[in-house]
Amino acid sequence: MKRRQFLSAGAAATAAACLPSRLFANSIEEYTNVAPTRSVVPVVGDGKWVWKDPPKDQTGYLEPRPYELKVGIELQGRGNATAIKATTPAPVQLPEQEIVRATIDKVGCLADFRRLTPEAGQLMLAAPALGKGQTIGAVATIRMTLHKEYHAHEKDKFPQAQPRIPKDFAKAYLYDSPGIQTRADAVQDLAKKVGGQIDHPWDKAKAYYEWVWENIRKREGPYTSVIAAIRDRIGDCEEHAAVFTALCRVSGIPARLVWVPNHNWAEFALVDESGKRHWIPAHTSCYSWFGWTGAHEMVLQKGDSIELPEKRKPQRLMEDWMQWSGTRPEAKWFAELRPLPPE
């Protein structure tokens, strides 16, 4: 399956977002743009592979389907450039996403995978120099198996009194992150209004999920913020998931964004009676799944505050990135995902 063209916002942003900003020294420049892997659509067929209802007799990571992803970076010299680095998002091993095999073909550069968090990674390219007319690049071929997810999560599985949240876990999933504000009055007030009289964390999360579905109208466009989405009652899938995430966090329920190509949802975390923590899906737009996932979706990133070595501030969602000194290379990022026949 060929990838779609860049998202309409992303295509327009390529020129605008390429305005260089200075890093480290005056001779080093960088730019970012919307990653092409955002536009890969891994759901197969006309919907027959999408669950309308969860299965009645199975639980776990179900219906494995094999895929092959090719994701790459190509840089062409328009003049002399040095100290070149470039990255693009690359999927990592997750319970619902098995990486069977991953290789990198490279021309004129070094390239490798870089794991940023347990749930986020990149393909990274580096070269000391690039001359006018010279082309360098790296293409990763990733064989993976994707699963749907159903664990029969229900309220009774989780105690109302949840255990104390570890400090590092709370730091990652309980407070502010880029574009997801939890301390703003509008967010605090809404959390109290919708969930303040509800005792059980499962019921609180379900109430926030339903509020997002019922109150935030769908409108495609660049991401705004949680505050803007609550104020205007408008947003894309990212605003929907981010508002849900913020409301959960205000109420002491860890939550995070899940980024798949061309779409977002959220997960919230609860500890069961045996002391095991579960990340529970909440699809706040497109599909109304709460507690399960009924499609084969390639996950590009989980979490919404990613520390990148080249950036001074955490990033909500990873994008393509390039750094150079001298004449800016012509950059091309590309991705193609195709289903494979069952083994």
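The notes below deal with the structure included here. Just so it is clear, the structure is predicted and the values come from calculations on it, not from any experiment. (Residues numbered from 1 in each chain as written. Predicted model: local features only at pLDDT ≥ 70, side-chain atom pairs only at ≥ 80, totals over all residues. Heavy atoms only, no water.)

## Examining the overall build of the protein chain
No. 1: Within the protein chain, the secondary structure is distributed over 6 helices and 17 strands.
No. 2: Classification of the 343 residues of the protein chain by burial places 55% in the buried group.
No. 3: A separation threshold of at least 6 residues defines the contact pool for the protein chain, and within that pool the share at least 24 residues apart is 73%.
No. 4: As displayed, the protein chain offers around 16100 Å² of accessible surface, 49% of which is attributable to carbon and sulfur atoms. (Helix = DSSP H or I, 4+ residues; strand = E, 2+ residues; numbered from the N terminus. Buried < 20%, exposed > 50% of the residue type's maximum accessible area, 1.4 Å probe, protein only. Contact = heavy atoms within 4.5 Å. Areas by Shrake-Rupley, 256 points an atom, 1.4 Å probe, with all protein chains shown as cover.)

## A word on the layout of surface pockets
No. 1: The computed volume of the second largest pocket comes to approximately 660 Å³.
No. 2: Lining of the second largest pocket is provided by 30 residues; of these, E119, A172, Y173, R256 and W279 occupy positions nearest its centre.
No. 3: Classifying every residue of the lining of the second largest pocket by side-chain character gives 10 nonpolar, 7 polar and 13 charged. (1 Å grid on protein atoms, 1.4 Å probe; cavity = no way out; pocket = protein on both sides within 12 Å on 5 of 7 lines; lining within 4 Å. Points joined across faces, edges and corners; volume = space filled by probe spheres on them. Nonpolar A, V, L, I, M, F, W, Y, C, P; charged D, E, K, R; others polar.)

## Brief notes about the packing of helix α3 (residues 185-195) against helix α4 (residues 201-215)
No. 1: Between α3 and α4, the least distance of the axes is 9 Å, while the angle of their chain directions is 110 degrees. It follows that α3 is roughly perpendicular to α4 by the angle criterion. You can see that α3 and α4 cross each other, and the crossing is right-handed. Of the residues in α4, those in contact with L190, A191, V194 and G195 of α3 are K204, A207, Y208 and W211.
No. 2: Residue composition of the contact of α3 with α4, by class: 6 nonpolar, 1 polar and 1 charged. (Axes fitted to C-alpha atoms, helices over the stretch in contact; angles between N-to-C directions. Parallel < 35°, antiparallel > 145°, perpendicular 65-115°, else oblique. Left-handed = near helix turned anticlockwise from the far one by under 90°.)

## Some remarks on α3
No. 1: If you check which residues of α3 are buried, you get V187, L190, A191, V194 and G195. Along the axis of α3, the buried positions cluster into a sector of 105 degrees, meaning they face one direction only. Along α3, exposed side chains directed more than 90 degrees from the buried face belong to D185, K192 and K193. (Arc of directions from axis to C-beta.)

## Considerations on the nonpolar core
No. 1: In this structure, L75, L125 and M322 are the most contacted members of the largest nonpolar core, which totals 38 residues.
No. 2: Those elements that provide at least two residues to this core are β3 (60-76), β4 (81-90), β6 (110-117), β7 (120-130), β8 (135-150), β16 (320-326) and β17 (330-339).
No. 3: Counting residues per element, this core draws most heavily on β8, which supplies 6 residues.
No. 4: Those residues in contact with L75, other than ones at most four positions away along the chain, are I84, A86, L125, L130, Q134, T135, I136, M322, P329, E330 and A331.
No. 5: Within the second largest apolar cluster, 35 residues are counted, among which are A184, L190, V226 and F268. (Core = buried A, V, L, I, M, F, W, Y, C linked by side-chain atoms within 4.5 Å.)

## Side note on the pairing of β6
No. 1: Pairing analysis gives 7 bridges linking β6 to β7, with the strands arranged antiparallel. Bridged to T117 within β7 is A120.
No. 2: Turn length for the β6-β7 hairpin, with the two strands adjacent in sequence and antiparallel, is 2 residues. (Pairing = 2+ DSSP bridges.)

## A few points about unusual backbone geometry
Negative phi characterises most residues that are not glycine, and trans characterises most peptide bonds.
No. 1: Even without a glycine there, the phi angle at R233 is positive, about 60 degrees.
No. 2: Examined against the element boundaries, R233 turns out to sit in the loop between α5 (226-232) and β10 (234-235).
No. 3: Overall, the relative accessible area of 31% leaves R233 in the partly exposed class.
No. 4: A positive phi angle, near 70 degrees, is found at C286, a position not held by glycine.
No. 5: Mapped onto the elements of the fold, C286 is located in the loop between β13 (277-282) and β14 (292-293).

## Some points on empty space enclosed by the protein
No. 1: Throughout the structure, instances matching the rule amount to 1 cavity of 30 Å³ or more.
No. 2: Elements represented by at least two residues in the lining of the largest cavity include exactly β8 and β12 (263-271).
No. 3: Residue contributions to the lining of the largest cavity peak at 3 residues, all from β8.
No. 4: A breakdown of the residues in the lining of the largest cavity according to their chemical character gives 4 nonpolar, 2 polar and 6 charged.

## Brief notes about the pattern of salt bridges
No. 1: Within this structure, the stated rule accounts for 15 salt bridges.
No. 2: E68 is the partner of R338 in a salt bridge, and the nearest nitrogen-oxygen pair spans 3.2 Å. Of this pair, R338 sits in strand β17 while E68 sits in strand β3, and the two are 270 residues apart along the sequence.
No. 3: In this structure R338 comes out as partly exposed when scored by relative accessible area, which is 35%.
No. 4: One salt bridge in this structure joins D203 and K155, with 2.7 Å as the shortest N-O distance. One end of the pair, D203, is in helix α4; the other, K155, is in the loop between β8 and α2 (167-173), and 48 residues separate them in sequence.
No. 5: Exposure remark for K155: the relative accessible area of 33% places this residue in the partly exposed category. (Salt bridge = Lys/Arg side-chain N within 4 Å of Asp/Glu carboxyl O.)

## Focus on the environment of R256
No. 1: Considering the arrangement of structural elements, one finds R256 in strand β11 (residues 255-260).
No. 2: R256 sits 23 residues away from W279 along the chain, and the two C-alpha atoms are 9.2 Å apart.
No. 3: Leaving out residues up to four positions away in the same chain, R256 has contacts with E119, Y173, T245, R249, W265, A266, E267, W279, K302, G303 and D304.
No. 4: A distance of 2.9 Å separates a polar atom in the side chain of R256 from a polar atom in the side chain of E267. (Polar contact = N/O pair within 3.5 Å; in protein donor to acceptor, adjacent residues only side chain to side chain.)

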